[in-house]
Amino acid sequence: MLTLTNVRPWGGDPVDVVISDGLIAEVVPAGSAAPGERVDGRGLLALPGLINAHAHVDKSWWGQPWVSAGGEGTTQGRIAHERAERDKYGIPNVDSTVAVLREFLRHGTTATRTHVDVDLGVGLRGIETVRAAAAALGGAVDVEIVAFPQDGVVRRPGVLKLLDDAAAAGATHVGGIDPASIDRDPVAQLDGLFEIAERRGVGLDIHLHDGGELGAFQYELIIDRTRRTGLHGKVTISHGFALGEVTGSRQADLLDQLRELGITWATVAPVRYAPLPWRGMRERGIGIGLGTDGIRDLWSPYGDGDVLRIALGFARLHGLRDDEDLTWAVELATTSAAGFVHRDTHGIVAGARADIVLVDAENVPDALVRAPRRLLVVAGGRVVVRDGELVV
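Bear in mind the structure is a predicted one, so any value in this text is a computation, not a measurement.

(A) Geometry of the side chain of Asn 52. If you trace the backbone, Asn 52 turns up in strand β6 (residues 50–55). Asn 52 sits in the buried class, given a relative accessible area of 0%.

(B) Region of interest: the environment of Arg 373. If you trace the backbone, Arg 373 turns up in the loop between α11 (364–370) and β15 (376–379). Separated by 82 residues in sequence, Arg 373 and Gly 291 have C-alpha atoms that sit 19 Å apart. Here Arg 373 is in contact with Leu 358, Val 359, Asp 387, Gly 388 and Glu 389, once residues within four sequence places are set aside. A distance of 3.2 Å separates a polar side-chain atom of Arg 373 from the backbone oxygen of Asp 387.

(C) Expanded view of helix α9 (residues 307–317). Within the span of α9, buried status applies to Val 307, Leu 308, Ile 310, Ala 311, Leu 312, Phe 314 and Ala 315. Between a side-chain oxygen at the N-terminus of α9 and the backbone nitrogen of Leu 308 the separation is 3.0 Å; the capping residue is Asp 306. Just past α9, the residue Gly 319 takes up positive phi, approximately 70 degrees.

(D) Summary view of the layout of surface pockets. Taken as a whole, the largest pocket holds about 1200 Å³ of empty space. For the largest pocket, the lining is made up of 41 residues, of which Val 268, Pro 270, Arg 272, Asp 293 and Ser 300 are closest to its centre. Sorting the residues of the lining of the largest pocket by element identifies α1 (75–85) and α9 as the ones contributing at least two each. Tallying contributions element by element places α9 first for the lining of the largest pocket, with five residues.

(E) Inspection of the side chain of Asp 58 at higher detail. In this structure, Asp 58 sits in the loop between β6 and α1. Salt bridges are absent for the buried Asp 58, whose nearest opposite-charge side chain, Lys 59, sits at 5.5 Å. Polar contacts involving the side chain of Asp 58 include one to the main-chain amide nitrogen of Asp 117, which spans 3.0 Å. Residues within four places of Asp 58 in sequence aside, it is in contact with Ile 91, Pro 92, Thr 97, His 115, Val 116, Asp 117 and Val 130.

(F) Structural detail: empty space enclosed by the protein. Summed over all chains, the structure comprises two cavities of 30 Å³ or more. Counted as a void, the largest cavity has a volume near 70 Å³. For the largest cavity, the full set of lining residues is Asp 58, Lys 59, Glu 82, Arg 86, Ile 91, Pro 92, Asp 117, Val 122, Gly 126 and Leu 298. The class makeup of the residues in the lining of the largest cavity is four nonpolar, one polar and five charged. When its volume is computed, the second largest cavity comes out at roughly 60 Å³. Residue lining of the second largest cavity: His 239, Phe 241, Thr 267, Ala 269, Pro 270, Tyr 273, Ala 274, Leu 276, Leu 317 and His 318, and that is the complete set.

Reading guide: rules and limits
Residues numbered from 1 in each chain as written. Predicted model: local features only at pLDDT ≥ 70, side-chain atom pairs only at ≥ 80, totals over all residues. Heavy atoms only, no water. Helix = DSSP H or I, 4+ residues; strand = E, 2+ residues; numbered from the N terminus. Buried < 20%, exposed > 50% of the residue type's maximum accessible area, 1.4 Å probe, protein only. Contact = heavy atoms within 4.5 Å. Polar contact = N/O pair within 3.5 Å; in protein donor to acceptor, adjacent residues only side chain to side chain. 1 Å grid on protein atoms, 1.4 Å probe; cavity = no way out; pocket = protein on both sides within 12 Å on 5 of 7 lines; lining within 4 Å. Points joined across faces, edges and corners; volume = space filled by probe spheres on them. Lys, Arg positive; Asp, Glu negative; His and termini not counted. Salt bridge = Lys/Arg side-chain N within 4 Å of Asp/Glu carboxyl O. Nonpolar A, V, L, I, M, F, W, Y, C, P; charged D, E, K, R; others polar.

Below you can see the structure in the form of structure tokens.
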């Protein structure tokens, strides 16, 4: 039993958080917890562990010497560059994946949904690598895996079989990528993916970069298949830039159907693309998850694993200013992202996994706009960061 004393969940009144068997057993007024092992929270602001809803932890060269960016700056160009170069850098490998997950912990992320490449070159080795990395950290980061066909699906015969094998082996989701512009056969790609998801009982998480009407057309195909297969609440569209580009009744109709079918959205809040229609999504209760995407990989040298900074980027991109909206941005990165990692509850409440982050901040908006150092991180009831430094 461990008690985290004198902390302020969401900037509220001080409490003691009693932890047992990796879960929060109770939350009581500060100073009233029973004697036992204690960690002094010093009156710091407490947030639930951050949830990274869109990552690629298998792709990184973190921990290796600097790798200069290369390849053409298009989706197709980056895919080709990565395929040509990854073996040279030993990607995927356990050490780099562990290094990325450690950075997640340093910044307070205790759960992630990560896309892991599954293709004809790497097979299912990336999934094995990520599982080994998560195990090396004792499960401090709760990792869910999307079997991800980065290089396309139907244009690469044999990939659907690999995705099916991954689902059979425990991947929680099967991924897809730009059914129109990558495979140039959106009907065939989506039919194949939905068939696996329906038969294996897994979710779908589809990268969709295509903009404008091309993107919206593919949303309609996904909506149609979700309705026909009954996969309500099990489909995510990642990136989905076109949703912020279509307007008026066209956008409203898409939002209504997304709400009806429980289709969620994952975004990394990129600055060069149209903002999402966040007000309409919020009003309808459409789930939005925030993620870091790739971190120091062959696509981009950027990224540090800090989901709180992604939440800040989301707030700035969408013009959030008042305290309620700024707090909502932090909720996107914590409590409301529970469904992205199959949690019914995620918060500083009894019964939740004991994932808690302490920061020196006056209130939640202050914590968002400054993204201060994470002074203490508890993951699954275990202290993994103390005074801003990893202890695992």
